[in-house]
Amino acid sequence: MKKPKAKILLVEDDSNLSMVLKDYLEMQKYEVRLESDGEKGYQAFKNSKFDLCILDVMMPVKDGFTLAREIREMDEDVPIIFLR
Amino acid sequence: MTSLSLLGLIFTQLYWIKSAIELSEKQFDHRVNLALSETVEKMVELDKQHRLQKRKFIPESCGSDLVSIINYIDTTLVDSLLKTEFDLFCLDTVYEFGIIQVKNDSVWMLNSGIYTKNIKNTKHKVCLDDLFKTDDYNLEVFFPQKRKFVLFELSVWMFISAGFLLIVISSFIFIVTAILKQKKLSEIKNDFINNMTHEFKTPISTISLASEVLLKNNLPEEKILKYSKVIFDENQRLKVQVERVLQMARLDKGNLKLKISEFDLHELIKDNVENLCLEHCNKPVSLIYQFYATNSVIKADKAHITNIITNLIDNASKYSYDNLRITISTKNVKTGVIITIKDNGIGITKDTLKHIFDKFYRVPTGNIHNVKGFGLGLNYVKMLVLAHSGTISVSSELKKGTAFKIFLPFTPLT
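The rules behind these values
Residues numbered from 1 in each chain as written. Chains lettered and ligands numbered in written order. Predicted model: local features only at pLDDT ≥ 70, side-chain atom pairs only at ≥ 80, totals over all residues. Axes fitted to C-alpha atoms, helices over the stretch in contact; angles between N-to-C directions. Helix = DSSP H or I, 4+ residues; strand = E, 2+ residues; numbered from the N terminus. Parallel < 35°, antiparallel > 145°, perpendicular 65-115°, else oblique. Contact = placed C-beta atoms within 7 Å. Nonpolar A, V, L, I, M, F, W, Y, C, P; charged D, E, K, R; others polar. Pairing = 2+ DSSP bridges.

**Considerations on the packing of helix H1 (residues 2–53) of chain B against helix H6 (residues 146–215) of chain B**
Residues and elements named next belong to chain B.
- Where H1 contacts H6, the two axes come as close as 9 Å, and the packing angle between them is 170°. It follows that H1 is roughly antiparallel to H6 by the angle criterion. Of H6, the residues touching H1 (which contributes Thr2, Leu6, Ile10, Gln13, Ile17, Ala20, Ile21, Ser24, Glu25 and Phe28) are Lys146, Val150, Leu151, Glu153, Leu154, Met158, Ser161, Leu165, Val168, Ile169 and Phe172.

See the structure below:
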């Protein structure tokens, strides 16, 4: 693993799933930033750069689709994966 | 499109009715004129007979002057002549008539006492020149109830037409509302399926991921424990969700059997509510009991009543602000107990309030899910309260809180 670690933004409100997913991704040597709702995810993306976003659709405060649209406005290229 | 053609149909129908009335009036006028000329002919005939009989008293040369006619033509005679003719022509309605001297507009004979404007302006007049040998006298008839008579003649057709039109309109309205209802229902079902897939998929993905992690070798002991706990929890969650959907299916089928037993409502509330709040509420709750009921022992299905209460408390804690306060009060009425569960939560809008007992209904928020759920809880609560022959009502004020009032009888009717 000589490449620099990819940074992943994970936005998921279910505590168990997000915890397991975060652990799993970290085991694959990624750097994971976990946020628990859409608005927090938006703030996190605004303040730092990520290589990949993994979003839940149904979340408190702001849903995944809206968040994805806002991320697209800020960054046209970042890949986005939805959890369904 | 359909409504437009319906409107067109109504207008056409109205137009037809209007022209039918006009036509009928024309026909009526025609019949009256025929009857009038017949009457005049009869009067002339009578006059001739009279003359033959009384020839010796009234010389031919004298002509038929007013004086001689006055002697034998009176109101009753004219009336009876008119009546026979009108009957013959099926003009069975009230009429007024008079014989008018046109020159000085004076009345010579009248059946209705006063020389009304109506008679003066009537369309139905016939000149009595054959009788009086002068065109100065008119027999004029007026029908005060002509409109009514004409309408009555047409009434059968009008009623039939109106009836069918009404049927068409009402079925149109029925169809439109049914379509709208269906549309809404399918939207709700769609939402429910989306919601359910999400709620089922989350634990499934969690379990699959956690087990995948567990399958890796050389995990530290605490991690193994942590993941096992996660899998256990999520499994439990799945079980509860499946149970809930199954319960709905059972309620839907209608084969609900209550296991009736006797218990104290106050004890049940105290036992369950505190446990529930310790388990589920992730915020501080102040519970206030106001048990005013003196007789709180009822016969009901204990498990279901517990579910009802926990469902309502659960809702109160889900839809609330940080300083949650739940007041549970009871009071007796003649035939049972009223339980009121009141919170200081976010409240419900009036529009929403109508639907909260509907199955699958959740306050629409799109994909924003501040609170998880299927929209089954309150539907279940209502069904079971009804199954216990009780009633449930709700009142709410936005941002102030919601109060559910449940009446349960001492013994449910079977």
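**Some points on the interface of chain A and chain B**
- On the chain B side, the residues contacting the 17 residues of chain A number 16 residues.
- Residue assignment for the side of chain A that touches chain B shows that the elements contributing at least two residues are helix H1 (15–27) and helix H3 (64–74) of chain A.
- With 6 residues, the single largest contributor to the side of chain A that touches chain B is H1 of chain A.
- Of the residues belonging to the side of chain A that touches chain B, the class tally is 10 nonpolar, 2 polar and 5 charged.

**A closer look at the sheet that holds strand E3 (residues 52–56) of chain A**
All names here are of chain A.
- Strand order across the open sheet formed by 4 strands is E2-E1-E3-E4, with parallel pairing between neighbours. Since the sheet does not close on itself, it has two edges, and those belong to strand E2 (31–35) and strand E4 (80–83), each with one partner. If you compare each strand with its neighbour and ignore which way they point, the axes differ by 20° on average.
- In the packing of H1 onto the sheet, the strands contacted are strand E1 (7–11) and E2, and the crossing angle to E2 comes to about 165°.
- The sheet contacts of H3 involve E1, E3 and E4, and relative to E3 the element is tilted by about 155°.

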